[in-house]
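Structural description and commentary
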Amino acid sequence: MEIAVLGTGMVGKTLTAGFQRVGHTVTVGTRDPEVTAAREEWTDSRLATYADAARGADLVVLAVGGNVAEEVLAQADLEDGAIVLDLTNPLDFSNGFPPTLTVKDTDSLAEVLQRAHPTAQVVKALNTVNCALMVTPQQLADGDHTIFIAGDDAAARAHVHSLLQDLGWVDIVEFPSLEAARGLEMYLPLWLRLMQQLGTPQFNLKLVR
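Residues numbered from 1 in each chain as written. Predicted model: local features only at pLDDT ≥ 70, side-chain atom pairs only at ≥ 80, totals over all residues. Heavy atoms only, no water.

**Let's talk about the overall build of the chain**
Helix and strand content of the chain: nine helices and 10 strands. For a compact globule of 209 residues, the expected C-alpha radius of gyration is about 17 Å, and the chain comes in at 16 Å, within 12% of that figure. In the chain, which comprises 209 residues, the share counted as buried stands at 52%. For the chain, the share of sequence-separated contacts (at least 6 apart) that also reach a separation of at least 24 residues comes to 69%. Distance from the positive charge centre (14 side chains) to the negative charge centre (27 side chains) of the chain: 5 Å. (Helix = DSSP H or I, 4+ residues; strand = E, 2+ residues; numbered from the N terminus. Rg over C-alpha atoms; globule rule 2.2 N^0.38 Å. Buried < 20%, exposed > 50% of the residue type's maximum accessible area, 1.4 Å probe, protein only. Contact = heavy atoms within 4.5 Å. Lys, Arg positive; Asp, Glu negative; His and termini not counted. Charge placed at Lys NZ, Arg CZ, Asp CG, Glu CD.)

Take a look at the structure:
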């Protein structure tokens, strides 16, 4: 699979390495490839602008902060039919910790992005775990924990589902509507409190049924 990872922070780097580990080709999208290359080493990945990275990709992965997600995806200039894996969260730390959400209850950041790009297919996934577990779920409980997918388009969900299986996810719960992203995003204030209480981000939910 040709994957565009938009974002060069810790999440973007971890996802890039994880996708490459399981055999996918990754182009990393950044605002200014030359500045990014001068700032840090990217010997194993091709750097490109957001738009160049997204062009022709089988999957566009949005790996930036929720506060810049709309701006970055706009700069990606998505092609019709593009599948976007959105793992952002609309966290607002302007009043300190704990954060609130910039959008919630009757909307989600994923739905905001979908409305802004109606010819794309936005799929919400991986936003409920830290980036290390995103690409290596076996680090915790031998991988026996749950990840979620939400999206309106069955083919787009299947595309993301296949990628998650490549990474080692087994217990994958799908919601057939992007509206479910509201609940997935609203879990994050609890996730942050749990991280503070436990002293580690290495935890996840296991759906017992």
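**Some details on unusual backbone geometry**
Here Phe97 and Pro98 are connected by a cis peptide whose omega angle stands at 0°. The phi angle at Asp105 is positive, at roughly 65°, despite the residue not being glycine. Take Asp105: it is sitting in the loop between strand 7 (100-101) and helix 5 (109-116). If you check the backbone angles, Leu126 has positive phi at about 70° while not being a glycine. With respect to the helices, strands and loops of the structure, Leu126 is situated in the loop between strand 8 (121-125) and helix 6 (131-135). Owing to a relative accessible area of 1%, Leu126 belongs among the buried residues under this scheme.

**Quick look at the pattern of salt bridges**
Scanning the model with the defined rule gives 12 salt bridges in all. Glu40 serves as the salt-bridge partner of Lys13, at 2.6 Å between the closest nitrogen and oxygen. Taken together, the residues Lys13 in helix 1 (residues 10-21) and Glu40 in the loop between helix 2 (33-39) and strand 3 (46-49) connect sequence positions 27 residues apart. Lys206 is the salt-bridge partner of Asp144, the closest N and O atoms lying 3.0 Å from each other. Remark: Lys206 occurs in the segment after helix 9 (188-198) and Asp144 occurs in the loop between helix 6 and strand 9 (146-151); sequence separation between them is 62 residues. (Salt bridge = Lys/Arg side-chain N within 4 Å of Asp/Glu carboxyl O.)

**Examining helix 5**
Residues that lie three or four places apart on an α-helix share one face, since the helix turns once every 3.6 residues. Counting buried residues along helix 5, six of its eight residues qualify, which places the element largely inside the surrounding structure. Regarding helix 5, the residues found buried are Leu109, Ala110, Glu111, Val112, Leu113 and Gln114.

**Describing the nonpolar core**
Here is a general trend for soluble globular proteins: nonpolar side chains tend to be buried in one another's company. Core analysis: the largest hydrophobic core is formed by 32 residues, its most contacted members being Phe19, Val61, Leu126 and Leu164. Once you skip the residues sitting within four places of it in the chain, Phe19 turns out to touch Ile3, Val5, His24, Val26, Val61, Leu163 and Leu167. Counting 26 residues, the second-largest nonpolar core is a separate cluster that includes Val64, Ala69, Leu109 and Val112. (Core = buried A, V, L, I, M, F, W, Y, C linked by side-chain atoms within 4.5 Å.)

**Some thoughts on the side chain of Asp107**
Its place among the elements puts Asp107 in the loop between strand 7 and helix 5. There is a polar contact of 2.6 Å between the side chain of Asp107 and the side chain of Arg115. Not counting residues up to four positions away in its chain, the partners in contact with Asp107 are Val112, Arg115 and Arg182. (Polar contact = N/O pair within 3.5 Å; in protein donor to acceptor, adjacent residues only side chain to side chain.)

**What to know about helix 9**
Looking at helix 9, one finds that the buried residues are Leu188, Pro189, Trp191 and Leu192. One face of helix 9 carries all of its buried residues, which in axial projection span an arc of 160°. If you follow the buried residues of helix 9, they end up packed against strand 6 (91-92), strand 7 and helix 8 (181-186). Gly199, located one to two residues past helix 9, shows a positive phi value of around 75°. (Arc of directions from axis to C-beta.)

**Describing the packing of aromatic side chains**
A complete count under the given rule lists two aromatic pairs for this structure. On the numbers, 5.2 Å between centres and 25° between planes, the contact of Trp191 with Phe203 is stacked. Of this pair, Trp191 sits in helix 9 while Phe203 sits in the segment after helix 9, placing them 12 residues apart in sequence. On the basis of relative accessibility, which here comes to 9%, the residue Trp191 falls in the buried class. (Phe/Tyr/Trp six-rings, centres within 6.5 Å; stacked < 30°, edge-to-face > 60°.)

**As for the pairing of strand 5 (residues 83-86)**
Of the two faces of strand 5, the one carrying Ile83 and Leu85 and the one carrying Val84 and Asp86 are both buried. Alignment of strand 4 (residues 59-62) against strand 5, held across three bridges, turns out to be parallel. Within strand 5, the position partnered with Val60 by the bridge is Val84. In the classification by handedness, the crossover that spans strand 4, the intervening helix 4 (residues 69-75) and the parallel strand 5 is right-handed. Sheet analysis places strand 5 next to strand 8, joined by four bridges and oriented parallel. Bridging from a neighbouring strand, Asp86 pairs with Lys124 of strand 8. (Pairing = 2+ DSSP bridges. Right-handed = clockwise from strand over helix to strand, strands pointing away.)

These figures come from the coordinates and say nothing about function on their own.
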